[in-house]
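Summary of the model geometry
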Amino acid sequence: MACNYYQIAFRSEMVSTLSKPWFLRAELPMSSDLSLHRSIPHGGSSSSSPSRRDLVFIVNPRGANGRTGKEWKKLLPYLRSRLDKDCNICESLTSGPYHAIDITREAIREGADAVIAVGGDGTLHEVVNGFFWAGKPVSKHNKEDAHSTALGLIPLGTGSDFARTWGWKNDPYEAVDRIVKGLRSKVDVGVISGEKEESHYFINVADIHLSAKAGYYASRYKRFGNLCYVIGALQAFIGHKNWDLRIKVNGGEWEICPQVTALCIGNAKYFGGGMRITPSGDPCSREFEVVILQDFKWYDFILKLHKLYSGTHLTVKNVSSRSVHSIEVEDISGSGSIYVQSDGEHLGFLPRKFSILPSVIEMIC
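This text gives an overview of the structure that appears in the document. (Residues numbered from 1 in each chain as written. Predicted model: local features only at pLDDT ≥ 70, side-chain atom pairs only at ≥ 80, totals over all residues. Heavy atoms only, no water.)

**Some thoughts on the overall build of the protein chain**
Quick reminder of the rule: Comment: elements are numbered from the N terminus, with helices defined as DSSP H or I runs of at least four residues and strands as E runs of at least two. A simple rule labels every residue: compare its accessible area, found with a 1.4 Å probe on the protein chains alone, to the largest value its type can have, and call it buried under 20%, exposed over 50%, or partly exposed in between. Should any heavy atoms of two residues lie within 4.5 Å, those residues are counted as being in contact. Only the protein chains shown count as cover for residues, and the accessible areas themselves come from Shrake-Rupley with a 1.4 Å probe.
Counting secondary structure elements, the protein chain contains eight helices and 21 strands. When each of the 365 residues of the protein chain is scored for burial, the buried share is 52%. Here the analysis covers contacts within the protein chain between residues at least 6 apart in sequence; of these, 71% occur between residues at least 24 apart. Working note: accessible area of the protein chain is about 16200 Å², and carbon and sulfur atoms make up 52% of it.

Set out below in structure tokens:
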């Protein structure tokens, strides 16, 4: 089966604990470097009941400077003790960027009951993108199975901003308990489209200009933990200029937003390691919260940083907020240098359109 970034090979003799053949090896095109994905035995059984649910845990073992992989190994005994009776547990370790996208797509096609991202917001971001293919939700091979594949999260990365919106602690054992309970809610997902680029999806916050540039630089310093966001912001301020942007909300008329410092589109509340940038963001609301910061100077961020973290910055002069279903953003100057990111991942530059996909994924909550 040809995938966007990887060729997925099936070796059913190596996955005796799964009810169906599963993805076990993936390699980059023109590369012999293989990544093994192992099923986790349940009670030593060599076969599985058709009624058992397949849960796929996608783990970035190098996340948080290797801490994710170490914490995952510690979590496995508890995971087995809570889930082995009812589920087939499949562990899949990512081998590099975009790998989680292809693993997710194949898991959904093969009828997994849930795909659980184990890591930070970056891993969750890739898994969410794996729920879509060619602009549409991925569907199961078995068309008679109307039960949708759920999205789950065990936060074990540098940033866990999406988990904060739900009030979840950065506690993997608590996350396993949520998965055991299996309660689900339909959540919204944002889709980003450009003039030539393929559609890209986000579940947390997308942002433009200074904050996106800061996120771009912060990704280089993740070895420093949450301090990377501070370092990234300081580097982004070097040579920064506020720019006039043009926006179109819900397909209406174009508006001019002068001297924009940052424009944030929130499907949830937090980004940048706990900054409550879109305080009314709700992934079940069927709309975005858009917050625009205008004509900010470097000292404004220092003086008002506490308000950005507490979510009280909407009372500050030159900060505005509105609820939207879609928003198009263009750089009036046409410089092509205004950064765009979503869920902390750099996506390139303006122009872009951001649209809500309401209640498109079931999430274990």
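Moving on from the model shown.
**Section: the side chain of Asp113**
Counting through the fold element by element, Asp113 comes out in the loop between α2 (99-109) and β7 (114-119). When its relative accessible area of 9% is taken as the criterion, Asp113 is described as buried. Here Asp113 is in contact with Arg53, Asp54, Leu55, His147, Ser148, Thr149, Ala150 and Arg184, once residues within four sequence places are set aside.

**Overview of the packing of helix α1 (residues 67-83) against helix α5 (residues 172-181)**
Where we set the bar: Helix axes are fitted only over the stretch in contact, all axes being lines through C-alpha atoms; the angle between N-to-C directions runs from 0 to 180 degrees. Any angle between 65 and 115 degrees counts as roughly perpendicular, while under 35 counts as roughly parallel, over 145 as roughly antiparallel, and the rest as oblique. By the definition used in this description, the sense in which the near helix is turned from the far one sets the handedness, with an anticlockwise turn below a right angle giving left-handed and a clockwise turn giving right-handed. Under the grouping applied here, Gly and all other residues not named as nonpolar or charged are polar, the nonpolar ones being Ala, Val, Leu, Ile, Met, Phe, Trp, Tyr, Cys and Pro and the charged ones Asp, Glu, Lys and Arg.
Here α1 crosses α5 at 20 degrees, and the two axes come no closer than 10 Å. By the criterion of interaxial angle, the relationship of α1 to α5 is roughly parallel. Here α1 and α5 pass one another in a crossing that is right-handed. Mapping the contact onto sequence places Lys74, Leu75, Tyr78, Leu79, Arg82 and Leu83 in α1 and Pro172, Tyr173, Val176, Asp177, Ile179 and Val180 in α5. In terms of residue class, the contact of α1 with α5 is built from nine nonpolar, no polar and three charged.

**Considering the packing of helix α6 (residues 210-218) against helix α7 (residues 227-237)**
Orientation of α6 relative to α7, taken along the N-to-C sense of each, is 120 degrees, at an axis distance of 7 Å. Considering the angle they form, α6 stands oblique to α7. As α6 packs across α7, the resulting crossing turns out to be right-handed. Residues Leu210, Lys213, Ala214, Tyr217 and Ala218 of α6 lie in contact with α7, whose contacting residues are Cys228, Tyr229, Gly232, Ala233, Gln235, Ala236 and Phe237. Each residue belonging to the contact of α6 with α7 can be placed in one class, and the counts come to nine nonpolar, two polar and one charged.

**Brief notes about unusual backbone geometry**
Geometrically, the link from Leu350 to Pro351 is a cis peptide bond, its omega value of 10 degrees lying close to zero. The residue Pro351 is located in the loop between β20 (345-349) and β21 (352-364) in this model. We note that Asn65 has phi near 60 degrees; this positive angle belongs to a residue other than glycine. Tracing the backbone shows Asn65 in the loop between β5 (53-59) and α1. Look at Asp343: it is not a glycine, yet its phi comes out positive at around 50 degrees. With respect to the helices and strands, the residue Asp343 is situated in the loop between β19 (339-342) and β20.

**Topic: the environment of Asp207**
Along the chain, the position of Asp207 falls in strand β13 (residues 205-209). For the pair formed by Asp207 and Ile265, sequence separation is 58 residues and the distance between their alpha carbons is 5.9 Å. When near neighbours in sequence (up to four residues on either side) are disregarded, Asp207 contacts Ala212, Leu263, Cys264, Phe271, Tyr339, Val340 and Gln341.

**Regarding a nonpolar patch on the surface**
Keep this limit in mind: Every patch collects residues that have over 30% relative accessible area and no salt bridge, joining them within 9 Å if they carry like charges and within 5 Å if they are nonpolar side chains (Val, Leu, Ile, Met, Phe, Trp, Tyr). Salt bridges are defined by distance alone: a side-chain nitrogen of Lys or Arg within 4 Å of a carboxyl oxygen of Asp or Glu.
A contiguous nonpolar patch, built from Phe224, Leu227, Val230 and Leu234 and spanning about 390 Å² of accessible area, is present on the exposed surface. Since its relative accessible area comes to 58%, Leu234 is described here as exposed.

**Thoughts on the pairing of β19**
Our working definition: Criterion used throughout: strands pair if DSSP finds at least two bridges between them.
Burial along β19 is two-sided: the face carrying Tyr339 and Gln341 and the face carrying Val340 and Ser342 are both buried. Note that β13 and β19 share three bridges and pair antiparallel. Across the sheet, Ala206 pairs through a bridge with Ser342, a residue of β19. Note: β19 against β20, four bridges, orientation antiparallel.

**Quick word on the environment of Asn250**
Following the sequence through the fold, Asn250 ends up in the loop between β14 (243-249) and β15 (254-266). In this structure Asn250 comes out as partly exposed when scored by relative accessible area, which is 42%. Sequence separation of Asn250 and Ser323 is 73 residues, and the distance between their C-alpha atoms is 9.9 Å. If we ignore the near neighbours within four places in the chain, the residues touching Asn250 are Val324, His325 and Ser326.

**Focus on the packing of aromatic side chains**
Note the following rule: When two rings of Phe, Tyr or Trp (its six-membered ring) have centres within 6.5 Å they constitute a pair, described as stacked for plane angles under 30 degrees, edge-to-face for angles over 60, and tilted for the intermediate range. Geometrically, a charge over a ring is one whose NZ (Lys) or CZ (Arg) sits within 6 Å of the ring centre while staying within 35 degrees of the ring normal.
Counted according to the given criterion, the structure contains 12 aromatic pairs. When the ring of Tyr216 is compared with that of Tyr217, the centres are 5.5 Å apart and the planes differ by 65 degrees; the resulting orientation is edge-to-face. With centroids separated by 5.0 Å and ring planes inclined at 70 degrees, the aromatic side chains of Tyr339 and Phe349 adopt a geometry described as edge-to-face. Of this pair, Tyr339 sits in strand β19 while Phe349 sits in strand β20, and the two are 10 residues apart along the sequence. Overall, the relative accessible area of 15% leaves Tyr339 in the buried class. Site record: aromatic cluster; members linked through ring pairs are Tyr216, Tyr217, Tyr339 and Phe349. Its end group placed over the ring of Trp133, Arg109 keeps NZ or CZ at 5.7 Å from the ring centre. Over the ring of Trp254 we find Arg246; its NZ or CZ atom is 5.6 Å from the centre of that ring.

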